[in-house]
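Spelled out from the first residue to the last, the chains are:
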Amino acid sequence: MSDASEDLRTRLARERNDMARNRTRLANRRTFLAWCRTSLAFMTFGFLLEKVDAFVAVQKLEVPAKVLTELAMLGKFAFLGGPVLMLFAGWRYYRLEKELGFDSGDLYVVPEMLLFGVILASAVIYLFI
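A brief look at the structure comes next. Every chain is numbered on its own, with residues counted from 1 as its sequence reads. Residues qualify for local features only when their pLDDT is at least 70, as the model is predicted, and side-chain atom pairs are given and counted only at 80 or more; totals for whole chains, interfaces and linings, by contrast, use all residues. Only hydrogens and water are set aside when side-chain values are computed; all heavy atoms of the structure are taken into account.

Among the structural elements, S122 can be located in helix α4 (residues 110-128). Along the backbone, S122 and M43 are 79 residues apart, and their C-alpha atoms lie at a distance of 10.0 Å. Should any heavy atoms of two residues lie within 4.5 Å, those residues are counted as being in contact. Setting aside anything within four residues of it in sequence, one finds S122 in contact with M43 and F79. In this description a helix means any DSSP run of H or I spanning at least four residues, a strand means any run of E spanning at least two, and both kinds are numbered starting from the N terminus.

The following block contains the structure:
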């Protein structure tokens, strides 16, 4: 075999490896964003559970106070679970990025950190103010 064909094979193999790394990185990003959507849905469900008492009052339904209290507690738990899921998703995302060999200079985290800050601030404002 000639050196030119071997060099071409080596170059093509490197390109395939680079494309595979990029596909894995994009899959990691998609998974992270799916976890973000899940955490937002978890918070929305918690908000809904916490506000069941307002719906019951408007509809004038007979629901025991203990049930409403338990639903409110479950709602607060779910609402606080959203930021926890977001932290888990971020940890998982950055761990895999490091395993793939991307250093911190390649990671652009401003949108994710902004989203997490908004979610955490809304949770704190809603639950404690």
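Further remarks concern the packing of aromatic side chains. Classification of ring pairs rests on two measures: the distance between centres of Phe, Tyr or Trp rings, Trp counted by its six-membered ring, which must be within 6.5 Å, and the angle between planes, read as stacked under 30 degrees, edge-to-face over 60 and tilted in between. Under the defined criterion, the tally for this structure stands at four aromatic pairs. Between F32 and Y93, the ring centres sit 5.1 Å apart and the planes meet at 35°, which makes this aromatic pair tilted. Within this pair, whereas F32 is found in helix α1 (residues 3-50), its partner Y93 is found in helix α3 (residues 65-99), the two being separated by 61 residues in sequence. Of the two residues, F32 and Y93, both sit in the buried class. Taking the centre distance of 6.1 Å and the plane angle of 35° together, the rings of F88 and W91 count as tilted. Placement of the pair is F88 and W91 together in helix α3, with a separation of three residues, close to one helical turn. Summary of the burial criterion: residues with accessible area below 20% of their type's maximum are buried, those above 50% are exposed, and those between are partly exposed, where the area comes from a 1.4 Å probe applied to protein chains only. A residue is classified by how much of its surface remains accessible, and F88, at 37% relative accessible area, is partly exposed. Aromatic rings pair up to connect F32, Y93 and Y94 into one cluster.

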